[in-house]
Amino acid sequence: MYEIQKKVNALSEKIDDLRNEIKKQLTKKQITFAPDDSLRKLIRLIPHNKYTVNLLYLSLANFVSAKLSNNTILFSGGRTNASNYTNLQKQYSLVTGVFTDKLNLPWNTAYHSGCNINRSLHLVFIAGGISSKNKAIVFNNTTNTIATKNQLPYSTHSHSITQVNGNPLISGGTGNSGDLSNQYMYTLSSDSYTAKCNLPQGSDCLATESITTNNVSISGGNLNNNNLNCIWSNTSNAITNKTNLSVPRWSHTVTKSSENKALFVGGIGSENINQLYDASADTFTNKRNLPRNIKEHCTKLFDNKTFLISGGNTNKQICYKLDENKFYP
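Heads up: these notes are all about the structure in this document. Small disclaimer: the values here were computed from a predicted structure and weren't measured.

Here we come to the overall build of the protein. Within the protein, the secondary structure is distributed over 2 helices and 26 strands. Taking 20 Å as the expected radius of gyration for a compact globule of 329 residues, we find that the protein reaches 22 Å, a close match to that expectation. Structurally, the protein occupies a C-alpha span of about 85 × 45 × 40 Å along its principal axes. Split into buried and exposed, the 329 residues of the protein put 52% on the buried side. Counting contacts in the protein only where the partners sit at least 6 residues apart, residues at least 24 apart contribute 45% of the total. As displayed, the protein has an accessible area near 14,800 Å², and 47% of this comes from carbon and sulfur atoms. Here the protein contributes 34 positive and 20 negative side-chain charges, whose respective centroids are spaced 3 Å apart.

Bringing the pattern of salt bridges into the picture now. For the coordinates displayed, the defined rule picks out 5 salt bridges. K90 is paired through a salt bridge with D101; the nearest N and O atoms lie 2.4 Å apart. Placement of K90 in strand 3 (residues 85-93) and of D101 in strand 4 (residues 99-102) is noted, with a sequence separation of 11 residues between them. You can call D101 exposed: its relative accessible area is 55%. The residue E324 makes a salt bridge to K321 at a minimum N-O spacing of 3.7 Å. With a relative accessible area of 40%, E324 lands in the partly exposed category. Classification of K321 as buried rests on a relative accessible area of 13%. If you follow the salt bridges from partner to partner, you end up with K321, E324 and K326 in one network.

It is worth spelling out the sheet that holds strand 16 (residues 215-219) at this point. Spatial strand order, 15-16-17-18: 4 strands in an open sheet with antiparallel pairing. Lying at the two open borders of the sheet, with one neighbouring strand each, are strand 15 (207-210) and strand 18 (238-241). Taking the axes of each pair of neighbouring strands and ignoring which way they run, one obtains an average angle of 25° across the sheet. With 4 bridges joining them, strand 17 (residues 229-233) and strand 18 adopt antiparallel strand pairing. Looking across to strand 18, one finds that C230 is bridged to N241.

What follows deals with the sheet that holds strand 1 (residues 64-67). Strand order in the open sheet formed by 4 strands is 1-2-3-4, and the pairing between neighbours is antiparallel. Looking at strand neighbours, the two that pair on one side only are strand 1 and strand 4, the edges of this open sheet. The mean angle between the axes of side-by-side strands here comes to 25°, regardless of whether they run parallel or antiparallel. Inspection of the sheet shows strand 2 (residues 72-79) paired to strand 3 by 7 bridges, in the antiparallel sense.

Side chains of strand 1 alternate between two faces, with V64 and A66 and S65 and K67 buried alike. As judged from the 4 bridges shared by strand 1 and strand 2, these two strands associate in the antiparallel manner. Within the sheet, the bridge partner assigned to V64 lies in strand 2 and is S76.

As a further point, take the environment of N81. Relative to the helices and strands, N81 resides in the loop between strand 2 and strand 3. Separated by 102 residues in sequence, N81 and Q183 have C-alpha atoms that sit 30 Å apart. Of the polar contacts made by the side chain of N81, one reaches the backbone nitrogen of S83; its length is 2.9 Å. At 2.9 Å, the side chain of N81 forms a polar contact with the backbone nitrogen of N84.

Okay, the environment of D191 next. Within the secondary structure, D191 sits in the loop between strand 13 (183-187) and strand 14 (192-196). Along the backbone, D191 and N150 are 41 residues apart, and their C-alpha atoms lie at a distance of 6.3 Å. Non-local contacts of D191, meaning those with residues more than four positions away in its chain, are made with K149, N150 and Y186.

Parameters and conventions
- Residues numbered from 1 in each chain as written.
- Predicted model: local features only at pLDDT ≥ 70, side-chain atom pairs only at ≥ 80, totals over all residues.
- Heavy atoms only, no water.
- Helix = DSSP H or I, 4+ residues; strand = E, 2+ residues; numbered from the N terminus.
- Rg over C-alpha atoms; globule rule 2.2 N^0.38 Å.
- Buried < 20%, exposed > 50% of the residue type's maximum accessible area, 1.4 Å probe, protein only.
- Contact = heavy atoms within 4.5 Å.
- Areas by Shrake-Rupley, 256 points an atom, 1.4 Å probe, with all protein chains shown as cover.
- Lys, Arg positive; Asp, Glu negative; His and termini not counted.
- Charge placed at Lys NZ, Arg CZ, Asp CG, Glu CD.
- Salt bridge = Lys/Arg side-chain N within 4 Å of Asp/Glu carboxyl O.
- Pairing = 2+ DSSP bridges.
- Axes fitted to C-alpha atoms, helices over the stretch in contact; angles between N-to-C directions.
- Polar contact = N/O pair within 3.5 Å; in protein donor to acceptor, adjacent residues only side chain to side chain.

Written as structure tokens, this is what we have:
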């Protein structure tokens, strides 16, 4: 009898450990539960798919998306058809599939860009764009407020902004005199811009992405040379040319998947092509083709190497799981 009781006690401890671990995971995914829920009830709360993928609130292109937390994303502005722009901002939860209204942008705009500069405070830097030109703001998702910042050193749209050590790097775009090669870094604490080395060419509709702490992937853009593929170093403020893109791209997305690796998704000239780029080896690996032609969209990485691909002249969203090389739903 004593041996049986020992086994029962050991099993009870394992059940308690499992309950606690499930509670931790449910908390991370913002799923509510009662403190005294049984193991069976907790297991039932585990969703079949990690994320809920619902349609966007509008058909969008040339808009901004910024990851706010492990499971939430901010959508800002964008083009709703050939000529209409919006100032709507919405927060989307991948756990519940619910869109929450946020404070609208001060202007209707598209072809702008932005990035999250402080995830713990949910600060998003948004700048440039058609009709917003050289304007810059910081949206605070926690307080749902917008602060106007110093204007960009130049008017631009169809540019790209990525975060480098908490500071937005603004690259290229189109200005009054055509495609631009300018690069500037913005510092929130001083509300100022610092010029960085120019791009190898004037480029609009390009993609930039931080793939290490100090290195930024720069690719595509510019109708005359849309095979551009290079790395900018924040340490040396220098650009190193890499192997040309295997397919021409502009209005595409590049999203970091792990250290020195990034997923290249869609874009004009490569609408259904999905590739993983390894900057260390300077190689592209073809992945499963996109289920539809995609351009002028947004892509963000979430847990378990899951990428959410949103919009692109449509209200559709889809997830791509890199480790399984498949799309859902």
